[in-house]
Amino acid sequence: MDKFTTLTGIAAPMPLVNIDTDMIIPKQFLKTIQRSGLGKNLFDEMRYTQDGAEIPDFVLNQPAYRSAEIIVAGDNFGCGSSREHAPWALLDFGIRCVIATSFADIFYNNCFKNGILPIVMPQDVVDVLMADARRGANARMTVDLVAQTVTTSDGQSFGFEVDSHRKHCLLNGLDDIGLTLEKAAAIDSYEARTATTRPWA
Amino acid sequence: MTAPRTLYDKIWDDHVVHQAEDGTCLLYIDRHLVHEVTSPQAFEGLRMTGRTVRAPEKTIAVPDHNVPTTLDRANAATMTEDSRIQVDALDKNAKDFGINYYPVSDVRQGIVHIVGPEQGWTLPGMTVVCGDSHTATHGAFGSLAHGIGTSEVEHVLATQTLIQRKGKNMKVEITGSLRPGVTAKDITLSVIGETGTAGGTGYVIEYCGQAIRELSMEGRMTVCNMAIEGGARAGLIAPDEKTFAYCMGRPHAPKGAKWEAAVAYWKTLFSDDDAHWDKVVTLKGEDIAPVVTWGTSPEDVLPITGTVPAASDFTGGKVEAAQRSLDYMGLTPGMKLSDIKIDTVFIGSCTNGRIEDLRAAAAILKGKKKKDGIRAMVVPGSGLVRAQAEEEGLAQIFIDAGFEWRLAGCSMCLAMNPDQLTPGERCAATSNRNFEGRQGRGGRTHLMSPAMAAAAALTGHLTDVRELMGETV
């Protein structure tokens, strides 16, 4: 997993609530056995017509936002299925940070496993960031995970919360499985204990 | 004397392997269910790092999302190449890593969330995970069950644990009894209508109250299945005598002295009287009507007696979302929901693909025919549900009514197999999501109960099933 420390980039405004995982990556693209290559199908049904032509109005098709690295969105981003293809598609497109008023739990969690930082901000801050994002390619936002701040192109800075364990893993690009396997002895003793207390499990 | 605890607290406490100073826990996983779509990258990760599956005996795999449901599916040509690659990958991974497996050719194959309980893998008090958000289904047994992403699938395969922080406790109480024609699906959709799709975010829901106690295990699974559509990763129902009766004698349920010990433990699994709830929602069972969705979010739910809302009925970001939904669904504000004409009926899915669901639909359809021109299909949730429905004569009722009688799989719930809607095609569906494009690009989904879907098949439009039952509304 790539580390995430600071990011200065273009933010795409998506002021829609309940952007679900079927929108982010429709099911026909889940038939892959790889993690990479999904960026071209990110938001596929919003981004392309049935014949595959780009829909010019869609934000990521607009010249200013084609190389966006941040998305600013409405409530409940990533609701729906557990498909990790959603963060894979975002990452493959180049998105490293999503800012919204709320996220669905599973999607939120999946982001951290892939080096993407999801940031929860209150509505009034999202409104400011959305307005900044609407200013296009010349307005670059800065996300600083170490300092836990988002700074607009005109220098307004807002703090955000992030779980300390997840922050540590993102900053260092750490593999959870490796960390857990260091606790193998604790897992062994748990299994030995439950072999008598819950032998049916 | 320990502090009063909720059911969720109790299951959580019994599964903590390690707790870090910041409160992050390593939680032991009793059952790991696996399907072909969200697992290939996880198994590949194990191979690349030389890791093995820590507890293959607690890992259960079944292909369900991609598999065709037509009777000729033994013919490999019925699957697209990319679907076949995923199913073949699961075949190989199950064999290579020695996990429990129900291949497509096995009569026990079906939707993972139907197979798990059916085979007795899911038991009260367990932690159950799967790379699928509808894992919440298993909460009906009083097990802590939730969906995970593929990275976590790999984590559970390698360590049989998950890194978790504890969620908050939410109680959803349904008091009193349901009225005739109202089902578990109407409960779960009505709760989402009340709380919104983000209302449960950060919570584990416990459903309780008389109306929940009165539900069968099948109905309870329907309720918990859609906890995720309300934003909660997990929904729970305390186990009781119905739960024990359902589990008893299933292939992987304990037997003899182990069974006795298990039941004694399961009887301790309930929320203490003075337990703390972070949020409480109460609905009266008598007030719940048969409902349908009109929009493209499961929270867009209304009683069938209602009318299509206008975007201006909403506030905030929902105004734009509602307008987008109305445009996508091709609906005009003010029209009666029961005037919405449909093209297709889909009965099945992990929400409503169990035997009781098929009985409820068949009771409405018995001796009748679907409206001319309607495409109608029933997809049983497992091969065993299909066999039981044939034995009970339900299959013949569906066939006589003009329905296609299919083999088991996820099918048109998410349309990863050939069962899809075409652009503009409008479907009365017993599944769980009405998102844009969910059942096929441009497809329009109205969610409802199996009885309501059957009623729509007979009339060709969304219909209050109570009218066909002779009930006064």
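Here the structure is a predicted model, which means the values were calculated and not measured.

What counts, and where the lines are drawn
- Every chain is numbered on its own, with residues counted from 1 as its sequence reads.
- Think of it this way: whatever chain is written first is A, whatever ligand is written first is 1, and the rest follow in order.
- Two thresholds apply to this predicted model, a pLDDT of at least 70 for residue-level local features and 80 or more for giving and counting side-chain atom pairs, whereas whole-chain, interface and lining totals are computed over all residues.
- Side-chain measures were taken over the full set of non-hydrogen atoms in the model, leaving aside hydrogen atoms and water.
- The contact criterion used is simple: two residues touch if any of their non-hydrogen atoms lie within 4.5 Å.
- The buried area of a pairing is the accessible area, by a 1.4 Å probe, that goes missing from both parts when the two are put together, added over both.
- Salt bridge criterion: a side-chain nitrogen from Lys or Arg within 4 Å of a carboxyl oxygen from Asp or Glu.
- Whenever two N or O atoms come within 3.5 Å, that pair is a polar contact, provided that in protein one can donate a hydrogen and the other can accept it, and provided that, for residues adjacent in sequence, both atoms are side-chain atoms.
- Working definition: helices are DSSP H or I runs of at least four residues, strands are E runs of at least two. Numbering for both runs from the N terminus.
- Think of it in three bands: with a 1.4 Å probe and only protein chains considered, a residue is buried below 20% of the maximum accessible area for its type, exposed above 50%, and partly exposed in between.
- Note on method: axes are straight lines fitted to C-alpha atoms, helices fitted across the in-contact stretch only, with angles between N-to-C directions ranging 0 to 180 degrees.
- What sets the label is the angle itself: under 35 degrees gives roughly parallel, over 145 gives roughly antiparallel, 65 to 115 gives roughly perpendicular, and the rest give oblique.
- In this scheme the crossing of two helices becomes right-handed for a clockwise turn of the near helix relative to the far one and left-handed for an anticlockwise turn of less than a right angle.
- Paired strands, as defined in this entry, are two strands with at least two bridges between them according to DSSP.
- UniProt positions are given in the numbering used here, feature names are shortened, and annotations may be inferred rather than shown by experiment.
- We call a set of buried Ala, Val, Leu, Ile, Met, Phe, Trp, Tyr and Cys residues a nonpolar core when their side-chain atoms join them within 4.5 Å.
- Throughout the structure description, domain borders are defined by an automatic or database domain assignment.
- Aromatic contacts are taken between Phe, Tyr and Trp rings whose centres are within 6.5 Å, Trp giving its six-membered ring; a plane angle under 30 degrees counts as stacked, one over 60 as edge-to-face, and the others as tilted.
- Ring-over charges, as used throughout, are those where CZ of Arg or NZ of Lys falls within 6 Å of the ring centre and within 35 degrees of the ring normal.
- When two cysteine sulfur atoms lie within 2.5 Å, the pair is treated as a disulfide.
- In predicted models, pLDDT denotes the confidence assigned by the predictor to each residue on a 0 to 100 scale.

The next subject is the interface of chain B and chain A. By a widespread convention, an interface's size corresponds to the accessible area lost as its parts come together. Taken residue by residue, the interface counts 74 residues in chain B and 56 residues in chain A. Taking both partners together, chain B and chain A bury about 5400 Å²; carbon and sulfur atoms supply 56% of that area. Contact with chain A buries area across many residues of chain B, yet B:Q41, B:R54 and B:R441 alone supply 14% of it, more than any other trio. Here A:K113 makes a salt bridge to B:E152, at a shortest N to O gap of 3.9 Å. Linking chain B with chain A are 35 residue pairs in polar contact (both at pLDDT 80 or more), by the criterion used here. Secondary structure elements with two or more residues in the side of chain B that touches chain A: strand 1 (16-19), strand 2 (25-28), helix 2 (40-49), helix 3 (81-97), helix 5 (150-159), strand 8 (161-164), helix 10 (256-266) and helix 11 (318-329) of chain B. Top contributing element to the side of chain B that touches chain A by residue count: helix 5 of chain B, with seven residues.

This part is about the pattern of salt bridges. All names here are of chain B. Summed over the entire model, instances satisfying the criterion amount to 36 salt bridges over all chains. The closest approach of N and O atoms between D13 and R5, which form a salt bridge, is 2.8 Å. Judged by relative accessible area, R5 falls into the partly exposed class, the value being 28%. Between E241 and K267 there is a salt bridge; the shortest N-O distance is 4.0 Å. Linking E241 in helix 9 (residues 241-247) with K267 in the loop between helix 10 and strand 12 (279-284), this pair joins segments that are 26 residues apart in sequence. Since its relative accessible area comes to 47%, K267 is described here as partly exposed.

Residues and elements named next belong to chain B. Between helix 2 and helix 5, the least distance of the axes is 8 Å, while the angle of their chain directions is 50°. In terms of their interaxial angle, helix 2 and helix 5 are classed as oblique. Note that helix 2 runs across helix 5; the crossing there is right-handed. Residues Q41, A42, F43, G45 and L46 of helix 2 touch helix 5, and the partners they reach there are T150, V153, E154, L157 and A158.

Residue and element names in this part refer to chain A. The seven strands are arranged 4-3-2-1-5-6-7 in an open sheet whose pairing can be described as mixed. Edge positions in the sheet fall to strand 4 (117-120) and strand 7 (157-159), since each has one partner strand and no second. Across the sheet, the axes of successive neighbouring strands diverge by a mean angle of 25°, strand direction being ignored. Note: strand 6 (residues 149-151) against strand 7, three bridges, orientation antiparallel.

As for its position among the elements, B:N93 is in helix 3. What B:N93 contacts, discounting residues up to four positions off in sequence, is B:P40, B:F43, B:R47 and B:G98.

Turning to the UniProt feature "domain: Aconitase A/isopropylmalate dehydratase small subunit swivel" (unreviewed entry) in chain A, a few remarks are in order. Within this numbering scheme, the UniProt entry marks residues 1-123 of chain A as carrying the feature "domain: Aconitase A/isopropylmalate dehydratase small subunit swivel" (unreviewed entry). Annotated as residues 1-123 of chain A, this span is 21% helix and 17% strand, and its ends, taken at the C-alpha atoms, are 31 Å apart.

Residues A:F43 and A:F77 are the most contacted members of the largest nonpolar core, which totals 112 residues. Per element, the largest residue contribution to this core is eight residues, and it comes from helix 16 (residues 450-459) of chain B. Two domains each donate at least three residues to this core, and these are domain 1 (7-166) and domain 3 (293-467) of chain B. In this structure, A:F77 is in contact with A:I19, A:I24, A:F43, A:I71, A:V98, A:A100, A:S102, A:F103, A:A104 and A:F107, ignoring residues within four places of it in sequence.

Of the residues making up helix 13 (residues 355-365) of chain B, those classed as buried are B:I355, B:D357, B:L358, B:A361, B:A362, B:I364 and B:L365. Residue B:G367 follows helix 13 of chain B closely and has a positive phi angle near 75°.

In this structure the tally under the stated criterion is 17 aromatic pairs over all chains. Taken together, a centroid distance of 5.2 Å and an interplanar angle of 35° make the contact between B:F43 and B:F97 tilted. Linking B:F43 in helix 2 with B:F97 in helix 3, this pair joins segments that are 54 residues apart in sequence. Here the aromatic rings of B:F141 and B:Y246 are separated by 5.3 Å at their centres, their planes lie at 70°, and the arrangement is edge-to-face. Residue B:F141 is found in the loop between strand 6 (127-130) and strand 7 (144-147), and its partner B:Y246 is found in helix 9; the two are separated by 105 residues along the sequence. Among the aromatic residues, those joined into a ring-pair cluster are A:F77, A:F103, A:F107, A:Y108 and A:F112. A cation over an aromatic ring shows up here: B:K10 above the ring of B:F270, its NZ or CZ 4.0 Å from the ring centre.

This next bit is on the environment of B:A389. Residue and element names in this part refer to chain B. As for its position among the elements, A389 is in helix 14 (residues 383-391). Given a relative accessible area of 0%, A389 falls into the buried group. Each C-alpha atom, one on A389 and one on N93, is 32 Å from the other, the two residues being 296 residues apart in sequence. Other than its neighbours up to four places away in sequence, A389 contacts I355, L358, L394, A395 and W405.

Bringing unusual backbone geometry into the picture now. All names here are of chain A. Positive phi is not limited to glycine here, since F43 has a value of about 55°. Along the chain, F43 falls in the loop between helix 1 (21-24) and helix 2 (44-47). Using a relative accessible area of 0% as the deciding quantity, one classes F43 as buried. Non-glycine residue Q148 carries a positive phi angle of around 55°. Locating Q148 in the fold gives a position in the loop between strand 5 (140-144) and strand 6.

Counted according to the given criterion, the structure contains zero disulfides over all chains. A:C97 takes part in no disulfide bond, and the closest cysteine sulfur to it belongs to A:C111, at a distance of 9.3 Å. Here B:C413 is not disulfide-linked; the sulfur of B:C350 is the nearest cysteine sulfur, at 5.9 Å.

Here the focus is the confidence of the model for chain B. For chain B, mean pLDDT is 97; residues scoring 70 or higher make up 99% of the total. Across the assembled chains, the prediction reports ipTM 0.93 with pTM 0.96.

A word on the UniProt feature "binding site: [4Fe-4S] cluster" (unreviewed entry) in chain B. Residue and element names in this part refer to chain B. Mapped onto this structure's residue numbering, the UniProt feature "binding site: [4Fe-4S] cluster" (unreviewed entry) falls at C350, C410 and C413. The named residues occupy 64 residues along the chain; their greatest pairwise C-alpha distance, 8.7 Å, places them in one compact cluster. For C350, the position within the fold is in helix 12 (residues 349-352). Leave out the neighbours within four places in its chain, and C350 touches I111, H113, I114, H134, T137, N225 and N432. Locating C413 in the fold gives a position in the loop between strand 17 (404-405) and strand 18 (426-429). Among the residues examined, C413 registers a relative accessible area of 6% and is labelled buried. Not counting chain neighbours up to four residues away, the residues in contact with C413 comprise F346, S349, S431, N432, R438 and Q439.

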